[in-house]
Amino acid sequence: MSETVARVNNLTSGYFGQTVLENVSFDVQRGEIFIILGGSGCGKSTLLKHMIGLYKPYSGNVLIMGEDISAAGEKDFKNLVKYFGVMYQNGALFGSMNVLENLRLPLEIYTDLPRELMNEICISKLSLVGLETSYNLMPSELSGGMKKRAAIARAMVLDPDILFLDEPSAGLDPITSAELDSLILTLSRKTGITFIVVSHELDSIFTIADRVIMLDKSVKGIIAEGSPEDLKKNSENQLVQNFFNRISSSLKQ
Ligand SMILES: Nc1ncnc2c1ncn2[C@@H]1O[C@H](COP(=O)(O)OP(=O)(O)OP(=O)(O)O)[C@@H](O)[C@H]1O
């Protein structure tokens, strides 16, 4: 039986009265790797920020595990935060803290666990991403791929149901990017976490996505929804065809 972990209901939003997203609706099911894609400026990041409760919509709402994050006050928001982790584009690790301290931070803010238990939890999350021996390194000592993996481990430290990843491959070379895709697949299988990912990397989308939505400026919303294979084969929308039938970079090499 599928279970809806995130629901976007008729979301309309924008900036300074200019609408960017209009009546956008979709559901994400537990355990899916769900990708939000679309051209530059179509509203992917805006949508993500609504889903994690950073922005308030003009109308409509977002339910996370059945609870309305769009209307949540400060106290409710603190309760909702335990349901999800976020990895921002640049990883957003604090440069003055080592890897372990970066991971421990959410536990220090949101739990009263003893320090030793916090450290154990952090090391177990680091071992899930293959960084258990790098716990005492500073972010400046990590490669681009290691920074992303540390940021994913930090996003998982409160055992979330959902992990939001904002353009995980940004700034990575194709090999490191493929390694990150394979990590996402492994984590999905091992933990059952639902992944909601903003991406426009065709190779990555075909490798990891169960389902995608494609946004476009022309409609201020969704122009296609389905598996990448299905959209590539069956969509009659020209923009969708153009995107999915680009020659993928791996084929070019
Ligand atoms: N803080 C802001 N203030 C005003 N306008 C904004 C703001 N953030 C985004 N916009 C505008 O909203 C639209 C959608 O932006 P958004 O960043 O959500 O798109 P995107 O699909 O994530 O783009 P990209 O792939 O280039 O990151 C764009 O026209 C952008 O200029």
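Residues numbered from 1 in each chain as written. Predicted model: local features only at pLDDT ≥ 70, side-chain atom pairs only at ≥ 80, totals over all residues. Heavy atoms only, no water.

As named in an unreviewed UniProt entry, the chain is Putative phospholipid import ATP-binding protein MlaF, taken from Sedimentisphaera cyanobacteriorum.

(A) Quick peek at the site of the ligand. Surrounding the ligand, one finds Tyr15, Phe16, Val20, Gly39, Ser40, Gly41, Cys42, Gly43, Lys44, Ser45, Thr46 and Glu167. Between the ligand and the protein, one listed contact pairs an oxygen atom with a side-chain N or O atom of lysine 44 at 2.8 Å. Note that an oxygen atom of the ligand is positioned 2.9 Å from one of the side-chain N or O atoms of serine 45. The dominant element in the shell around the ligand, judged by the number of residues it contributes, is helix H1 (residues 44–51), at three residues. (Near = heavy atom within 4 Å. Polar contact = N/O pair within 3.5 Å; in protein donor to acceptor, adjacent residues only side chain to side chain. Helix = DSSP H or I, 4+ residues; strand = E, 2+ residues; numbered from the N terminus.)

(B) Broad picture of H1. The element H1 is extensively covered by neighbouring structure, given that six of its eight residues are classed as buried. What H1 keeps buried is the set Lys44, Thr46, Leu47, Leu48, His50 and Met51. One or two positions beyond H1, positive phi appears at glycine 53, with a value near 75°. (Buried < 20%, exposed > 50% of the residue type's maximum accessible area, 1.4 Å probe, protein only.)

(C) Quick look at the sheet that holds strand E2 (residues 18–29). Strand order in the open sheet formed by four strands is E2-E1-E4-E5, and the pairing between neighbours is antiparallel. Edge positions in the open sheet fall to E2 and strand E5 (67–68), since each of these has one partner strand only. Here H1 sits on the sheet in contact with strand E1 (4–15), E2 and strand E4 (59–64), set at roughly 125° to E1. (Pairing = 2+ DSSP bridges. Contact = heavy atoms within 4.5 Å. Axes fitted to C-alpha atoms, helices over the stretch in contact; angles between N-to-C directions.)

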